[in-house]
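# Working through the structure, step by step
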Amino acid sequence: MGRPRLIEDDAILAAAREVFLSRGAAATTQDVAERVGLSQAAIFKRFATKQELFLAAMVSGNERQDLIERFQKRAAATGLRPALIGLGDDLLPFFRRVLPLLLLSWSNRSEFGFPKAMTMGNYPPNRAVQEVVAVIAAEMRARRLRKHDPWLVTRAFVGGLQNYVLFELFAKGTEAACAGDGRSASARGFGGLAPPVYPPKEYVRGLVDILWKGIAPPAAASAARALKEQE
């Protein structure tokens with residue numbers, strides 16, 4: 001009878017994600033072994049090659065949590081607008097974890113290949129988007145939202161959140177390189193004029209407010225126009 005595994009595969013993959021994210025594709029299986037406290041031979045017993053370890057590490061850790069279930073319950077209980085705000089608050093930390101893995105996978109696709117699971121409809125982030133589309137489409141069919149393409153609305157919402165996280169990553173990655181000239185990285189990237197810095201919750205609420213003005217029910221839009229005419 002073999003000895004029981006003291007370190008589970010999930011712990012190895014978590015260590016591998018940290019190592020690859022901090023050191024890039026140049027990281028070795030020995031680096032991962034040292035991080036998790038195993039021998040390199042023990043790593044190769046679980047994952048036959050560095051490529052296999054890399055691809056497994058990039059895909060794992062992205063399991064869908066209960067974000068969408070909370071969103072659906074909020075939408076039913078309080079309406080879509082507060083539910084979208086809550087979903088945005090939940091998705092920002094999710095994208096902070098997922099997007100670096102996607103970017104690292106894409107930038108090293110020529111060496112390791114791109115994880116096929118990330119392109120499939122049942123990949124957790126992809127499935128989550130589909131479920132948000134379904135909720136918004138149902139609200140439009142029930143005439144609680146103005147009719148639009150629910151995919152466009154969802155992609156605008158999700159894309160806005162992803163942009164926030166990508167901008168964070170960009171700023172962190174270039175701030176040190178730009179520090180010598182007395183300007184922030186964001187200022188340098190925008191012709192010397194730094195864009196406003198929004199706290200996460202303020203950004204989410206502003207994003208939902210912009211979308212809501214375009215997808216609000218017709219009655220609400222008419223009331224808003226009437227109020228503006230009275231001013």
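The coordinates are above.
Figured I'd write up the structure that's included with this text. This one's a predicted model, so the numbers in the text were calculated from it and none came from an experiment. (Residues numbered from 1 in each chain as written. Predicted model: local features only at pLDDT ≥ 70, side-chain atom pairs only at ≥ 80, totals over all residues. Heavy atoms only, no water.)

Further remarks concern the overall build of the protein chain. In terms of regular secondary structure, the protein chain is built from 12 helices and 0 strands. Going residue by residue from the N terminus, the α and β elements of the protein chain occur as α-α-α-α-α-α-α-α-α-α-α-α. Across the 231 residues in the protein chain, those meeting the buried criterion constitute 39%. Put simply, 64% of the contacts in the protein chain that link residues at least 6 apart link residues at least 24 apart. When the accessible surface of the protein chain is summed, it comes to about 13,400 Å², and 57% of that surface belongs to carbon and sulfur atoms. (Helix = DSSP H or I, 4+ residues; strand = E, 2+ residues; numbered from the N terminus. Buried < 20%, exposed > 50% of the residue type's maximum accessible area, 1.4 Å probe, protein only. Contact = heavy atoms within 4.5 Å. Areas by Shrake-Rupley, 256 points an atom, 1.4 Å probe, with all protein chains shown as cover.)

On to the packing of helix 1 (residues 9-23) against helix 2 (residues 29-36), then. For the pair helix 1 and helix 2, the least separation of the axes is 9 Å and the interaxial angle reads 125°. Taken together, the axes of helix 1 and helix 2 are oblique relative to one another. Seen along the crossing, helix 1 lies across helix 2 with a hand that is right-handed. Contact residues: Ala11, Ile12, Ala15, Ala16, Glu18, Val19, Ser22 and Arg23 in helix 1; Asp31, Val32, Arg35 and Val36 in helix 2. When its residues are assigned to classes, the contact of helix 1 with helix 2 shows 7 nonpolar, 1 polar and 4 charged. (Axes fitted to C-alpha atoms, helices over the stretch in contact; angles between N-to-C directions. Parallel < 35°, antiparallel > 145°, perpendicular 65-115°, else oblique. Left-handed = near helix turned anticlockwise from the far one by under 90°. Nonpolar A, V, L, I, M, F, W, Y, C, P; charged D, E, K, R; others polar.)

Before going further, it helps to spend a moment on helix 1. An ideal rise of 1.5 Å per residue puts 21 Å on 15 residues; helix 1 measures up with 21 Å between its terminal C-alpha atoms. Listed in full, the buried residues belonging to helix 1 are Ile12, Leu13, Ala15, Ala16, Arg17, Val19 and Phe20. Turning to helix 1, the residues buried within the fold contact helix 2, helix 3 (40-46), helix 4 (50-59) and helix 6 (80-107). Phi turns positive one or two residues past the end of helix 1, at Gly24, with a value near 75°. (Expected span 1.5 Å × (residues − 1).)

So, about the packing of aromatic side chains. Under the definition given, this model contains 4 aromatic pairs. Arranged with centres 4.6 Å apart and planes meeting at 45°, the rings of Tyr164 and Tyr203 form a pair that is tilted. Note that Tyr164 is positioned in helix 9 (residues 150-178) and Tyr203 in helix 11 (residues 200-215), a separation of 39 residues in sequence. Here Tyr203 falls in the buried class, since its relative accessible area comes to 17%. (Phe/Tyr/Trp six-rings, centres within 6.5 Å; stacked < 30°, edge-to-face > 60°.)

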